[in-house]
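Tertiary structure, described
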Amino acid sequence: MLFSSLKDSRDVCCVLCGAAGLGIQTVEDMLAGIIADEGFSVFGSREYMSRVRGGNNSTELRIASEPVDALIDRIDILVALSRKVRRNILERISADTVIFGDREELKGELEDLGASFVDIPLSSMAKEAGGRIYSNSIAAGVLLGVLGLGTKGAEDFYRKRFAGKDEVVASNIGAVTRGYELGLSMAGEGGVLKGRPRNPKGRKAIINGSDAVSLGAMAAGCNFVTAYPMSPATGVLSFFAKHAEKAGAVVEQVEDELAAMNMAVGAAYAGARPLVTTSGGGFALMAEGLSLAGVMEAPVVVHLAQRPGPATGMATRTEQADLDLALYSGHGEFPRALYAPGTMESAFRLTQEAFEIALKYQTPAIVLTDQYFMNAFYNLDADGLEWLDEPPSVRETEEDYRRYEDTPDGCSPFGVPGWGKGIVGADSHEHDEVGHVYEDFDLRTRMQDKRMRKLAGMTDRALPPVLVGPESFSNLVICWGSTLPIVREALGRLGRDDTALLAFEQVWPLAPSAGDLLRKASFTAVVEGNSTGQFAGLLRKTFGVAADRTVLKYNGLQFSVEEVTDRLGEILPGKGGGR
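Now for a look at the structure at hand. (Residues numbered from 1 in each chain as written. Predicted model: local features only at pLDDT ≥ 70, side-chain atom pairs only at ≥ 80, totals over all residues. Heavy atoms only, no water.)

A count of helical and extended segments in the protein gives 21 helices and 20 strands. Viewed in the frame of its principal axes, the protein has a C-alpha envelope of about 80 × 65 × 45 Å. Taking all 579 residues of the protein together, the buried fraction comes to 56%. Of the contacts formed within the protein by residues at least 6 apart in sequence, a portion of 74% connects residues at least 24 apart. In the form shown here, the protein has an accessible surface area of approximately 24,000 Å², with 50% of it arising from carbon and sulfur atoms. Computing the positive centroid from 59 side-chain charges and the negative centroid from 77, the protein places the two 4 Å apart. (Helix = DSSP H or I, 4+ residues; strand = E, 2+ residues; numbered from the N terminus. Buried < 20%, exposed > 50% of the residue type's maximum accessible area, 1.4 Å probe, protein only. Contact = heavy atoms within 4.5 Å. Areas by Shrake-Rupley, 256 points an atom, 1.4 Å probe, with all protein chains shown as cover. Lys, Arg positive; Asp, Glu negative; His and termini not counted. Charge placed at Lys NZ, Arg CZ, Asp CG, Glu CD.)

Following the criterion strictly, the structure yields seven cavities of 30 Å³ or more and no others. Looking at the largest cavity, its volume works out to about 140 Å³. Every residue lining the largest cavity is counted, 14 residues in all, and those nearest its centre are Ala-220, Arg-273, Phe-355, Glu-356 and Pro-391. A breakdown of the residues in the lining of the largest cavity according to their chemical character gives 10 nonpolar, one polar and three charged. (1 Å grid on protein atoms, 1.4 Å probe; cavity = no way out; pocket = protein on both sides within 12 Å on 5 of 7 lines; lining within 4 Å. Points joined across faces, edges and corners; volume = space filled by probe spheres on them. Nonpolar A, V, L, I, M, F, W, Y, C, P; charged D, E, K, R; others polar.)

Mapped onto the fold, Leu-147 is located in helix H5 (residues 135-147). When the C-alpha positions of Leu-147 and Cys-479 are compared, they lie 35 Å apart, and in sequence the two are 332 residues distant. Look past the residues within four positions of Leu-147 in its chain and what remains in contact with it is Val-12, Cys-14, Ile-63, Gly-190, Gly-191, Val-192 and Leu-193.

This part is about the state of the cysteines. The tally for this structure, following the rule as stated, stands at zero disulfides. Looking at Cys-14, it has no disulfide partner, and the nearest cysteine sulfur is the one in Cys-13, 6.8 Å off. Just so you know, Cys-17 is unpaired, no disulfide at all, and the nearest cysteine sulfur is the one on Cys-13, 12 Å from it. Under the relative-accessibility criterion, Cys-17 is labelled buried at 1%. (Disulfide = S-S within 2.5 Å.)

With that settled, the discussion passes to the sheet that holds strand S12 (residues 337-339). Reading across the sheet, the seven strands line up as S9-S8-S10-S11-S13-S12-S18 and stay open at both edges, with mixed pairing between neighbours. One side of each edge strand has no neighbouring strand; the edge strands of this open sheet are strand S9 (250-253) and strand S18 (506-508). This sheet shows a mean twist of 20° between the axes of neighbouring strands, independent of strand direction. (Pairing = 2+ DSSP bridges. Axes fitted to C-alpha atoms, helices over the stretch in contact; angles between N-to-C directions.)

Summed over the entire model, instances satisfying the criterion amount to six aromatic pairs. Judged by centre distance (6.3 Å) and plane angle (15°), the ring pair of Tyr-158 and Phe-162 falls under stacked. Look at Phe-348 and Trp-387: their rings are 5.3 Å apart centre to centre, the planes differ by 70°, and that puts the pair in the edge-to-face class. Remark: Trp-387 occurs in the loop between strand S14 (377-380) and helix H17 (441-460) and Phe-348 occurs in helix H15 (residues 344-361); sequence separation between them is 39 residues. On the accessibility criterion, Phe-348 (4% relative accessible area) is buried. Assessed through its relative accessible area of 58%, Trp-387 is described here as exposed. Here the aromatic residues Phe-157, Tyr-158 and Phe-162 are joined through ring pairs into a cluster of three or more. Against the face of Phe-334 rests Arg-336, its NZ or CZ located 4.4 Å from the ring centre. (Phe/Tyr/Trp six-rings, centres within 6.5 Å; stacked < 30°, edge-to-face > 60°. Lys NZ or Arg CZ within 6 Å of the ring centre and 35° of its normal.)

Another point: the sheet that holds strand S1 (residues 11-19). Spatially, eight strands are ordered S6-S5-S4-S1-S3-S2-S14-S7 in an open sheet, and the strand pairing comes out mixed. The open sheet has two edge strands with one neighbour each: strand S6 (116-119) and strand S7 (205-208). Strand-to-strand twist of the sheet, defined as the mean angle between neighbouring strand axes without regard to direction, takes the value 20°.

The next thing to look at is the layout of surface pockets. The computed volume of the largest pocket comes to approximately 1,400 Å³. In terms of lining, the largest pocket is formed by 49 residues, of which the most central are Gln-25, Glu-28, Asp-29, Arg-46 and Arg-161. Residue composition of the lining of the largest pocket, by class: 17 nonpolar, 19 polar and 13 charged. Space inside the second largest pocket adds up to approximately 560 Å³. Together, 21 residues line the second largest pocket, and Gln-362, Pro-392, Ser-412, Pro-413 and Phe-414 are the ones closest to its centre. Across the lining of the second largest pocket, the residue classes tally to eight nonpolar, five polar and eight charged.

Direction vectors running N to C along helix H18 (residues 484-494) and helix H21 (residues 561-571) enclose 55°, while the axes themselves pass 8 Å from each other. On the basis of the axis angle, H18 is oblique to H21. The element H18 and its partner H21 pack so that their crossing is right-handed. Of H21, the residues touching H18 (which contributes Ile-486, Val-487, Glu-489, Ala-490, Leu-491, Arg-493 and Leu-494) are Val-561, Glu-562, Val-564, Thr-565, Leu-568 and Gly-569. Partitioned by chemical class, the residues of the contact of H18 with H21 number eight nonpolar, two polar and three charged. (Parallel < 35°, antiparallel > 145°, perpendicular 65-115°, else oblique. Left-handed = near helix turned anticlockwise from the far one by under 90°.)

Phe-240, Leu-275, Met-344, Val-477, Val-487, Val-527 and Leu-568 are the most contacted members of the largest nonpolar core, which has 62 residues in total. At nine residues, H15 tops the list of elements feeding residues into this core. With 50 residues, the next largest nonpolar core counts Ala-32, Ala-139, Tyr-158 and Val-192 among its residues. (Core = buried A, V, L, I, M, F, W, Y, C linked by side-chain atoms within 4.5 Å.)

Shown next, in the form of structure tokens:
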């Protein structure tokens, strides 16, 4: 049987790929929504090439009865709409993979890989439906039939997506119905998901990384967003622009990244709660403005979505190589907080935390994501998202107000120009408590000490890393940011009762309790997506604990669960492992 390997599998992994312009993302949106509505959990991850036109894009849909949130290599069903399937997709095909494709279109490209190939005349069927563009609807129908999910969800989707275009709606419904009948005939009544538990009432909200960061910022009261478009951060700008009126936010697509940062600093001075969203190349240009925020003690939040560098690097690929950039960028010394969410839920919460810390300590806060995280998505229960308390309102200033008052914790009373009787000073030079500029060496020392004094308070309330697994561990695997769900599932597969995961979602300042856990371990390994082990280096610098091993990846692709499982299995000591 074609799908015998899926009978006892925990999940089903489908990959769709095809040339840009064939509507892969439209099919993905539709299928993900239907899967969630049918009571299943779905995880998706998109890949697209860095081209204005052309290239071969793909999306992975992982379907299960229980929540899934991590990338896997295994492909159970591959739907190929066009030729030139990328090598990283081909390498994931196994003897258990079922490939659907048009033999005439693919010209034999996928038929000698040892997998089961099923010829579907997509080209001729699409032509009958009204044109080549309908091949994606036929393919979607095939998948719906194989999975056993019916066509009602697809029909509702097309009526909504193409409202007012009756002919287009009818053609798409006709195409998806033909594909469905074909898929159902191959999988049998009920499809491959037949008999799997469903939860039709829960986990309906599908959120990707861009949504999670944006919604977290909105929940924190963000009302001013600036950016120069740069993948993979543009999704946050687009989300805010789409919902600006509801969010009560001003959204500015500016001429360059320097303007984006400087406008945000000005907005913070005026009392707004600003967000700047960018990628590594744009953040590099913002370094001077970030330093300006440091000396002005302006509460600015930056969303930094990482991608490979140096320079333009790989514009649509992923990496975790901007940690040092975020930590040390900006001339001079000033405190900052860095967050790196690993899940959509934590992105919503941590973006709020970034705004809270930026305002409380009047200093920049940076949310680090990456291309994989921004484009990954899964369904969750929106009622379970954590909302932080609203920040206190800004007090009116008195006549004797001093913007940079020297206080025991370094946090001066925050005032806004025009709100009260006081004058709210600001300057890019070193200044006194009022904001007046003097070249005074004692003053310089006093004000620098005041600013850096904030770091002690920020460290005291730093979020501790998440410990997953046995508390009596001897081996400790460490990760940060988007690798959290992947490493967590990998360790679950290894089933080691002597090994735990320590996942960091605040990467500066680091919670002091993390040092105790690191020193408790007999063996430590750090998993991160760069070539130099930046976070491993930060742990050593902060706590004096050097990692025994690092598991690194920097080819532009995210780790998969299987890859981390294999690589950790090779290096973990004891129980068959090695060092």
